[in-house]
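What follows is each chain in one-letter form.
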Amino acid sequence: MTPTIQQQVFEIIAKQAKIDISTIKPESTLKDLGIASLDAIELIFDIEEHFDINFPEQQGANFDSDTAQSLVDAVQKALDEKAAGAGQS
């Protein structure tokens, strides 16, 4: 079975933060998880590369307020837009 988007994003966060995936909750902020702002930038790059997507520039990680779930939602939105765009060619 294919892992869910949430599971994949949480795995990337856990790897980046060097924490156990079970400690990540949807409402956890990047700051709560010990991810510094520079690490958050790298995390965004890792997520984009993993899913072969690009987040809009203004959608950078705000590590004080962005939650793990907001990253999952952003990935889902980017994947939906990519799928919609692919169908328009």
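Summarised in this report is the structure supplied together with it. Nothing here was measured: the structure is a model prediction, and the numbers come from that model.

What counts as what
- Residues numbered from 1 in each chain as written.
- Predicted model: local features only at pLDDT ≥ 70, side-chain atom pairs only at ≥ 80, totals over all residues.
- Heavy atoms only, no water.
- Salt bridge = Lys/Arg side-chain N within 4 Å of Asp/Glu carboxyl O.
- Helix = DSSP H or I, 4+ residues; strand = E, 2+ residues; numbered from the N terminus.
- Buried < 20%, exposed > 50% of the residue type's maximum accessible area, 1.4 Å probe, protein only.
- Patch = residues over 30% accessible without salt bridge, like charges linked within 9 Å, V, L, I, M, F, W, Y side chains within 5 Å.
- Areas by Shrake-Rupley, 256 points an atom, 1.4 Å probe, with all protein chains shown as cover.
- Polar contact = N/O pair within 3.5 Å; in protein donor to acceptor, adjacent residues only side chain to side chain.

**Description of the pattern of salt bridges**
- Counted under the stated rule, the structure contains 2 salt bridges.
- Linking Lys82 and Asp52 is a salt bridge whose minimum nitrogen-to-oxygen distance equals 3.2 Å. Of this pair, Lys82 sits in helix α3 (residues 68-86) while Asp52 sits in the loop between α2 (37-51) and α3, placing them 30 residues apart in sequence.
- By relative accessible area, Lys82 is classed as partly exposed at 40%.
- Judged by its relative accessible area of 57%, Asp52 falls in the exposed class.
- A salt bridge links Lys77 to Glu81; its shortest N-O distance comes to 3.7 Å.

**Description of a nonpolar patch on the surface**
- Nonpolar side chains collect at one region of the surface, where Leu38, Ile41 and Phe45 lie side by side and expose about 350 Å² of accessible area between them.
- With respect to the helices, strands and loops of the structure, Leu38 is situated in helix α2.
- A relative accessible area of 66% means that Leu38 is categorised as exposed.

**Brief notes about the side chain of Thr29**
- With respect to the secondary-structure elements, Thr29 resides in the loop between α1 (5-17) and α2.
- Given a relative accessible area of 11%, Thr29 falls into the buried group.
- Within the local environment of Thr29, its side chain forms a polar contact with the backbone nitrogen of Asp32, the two atoms lying 3.0 Å apart.

**A closer look at unusual backbone geometry**
- Not every positive phi belongs to a glycine, and Lys18 is a case in point at roughly 55 degrees.
- Take Lys18: it is sitting in the loop between α1 and α2.
- Here Asp52, not a glycine, exhibits a phi torsion of approximately 55 degrees, which is positive.

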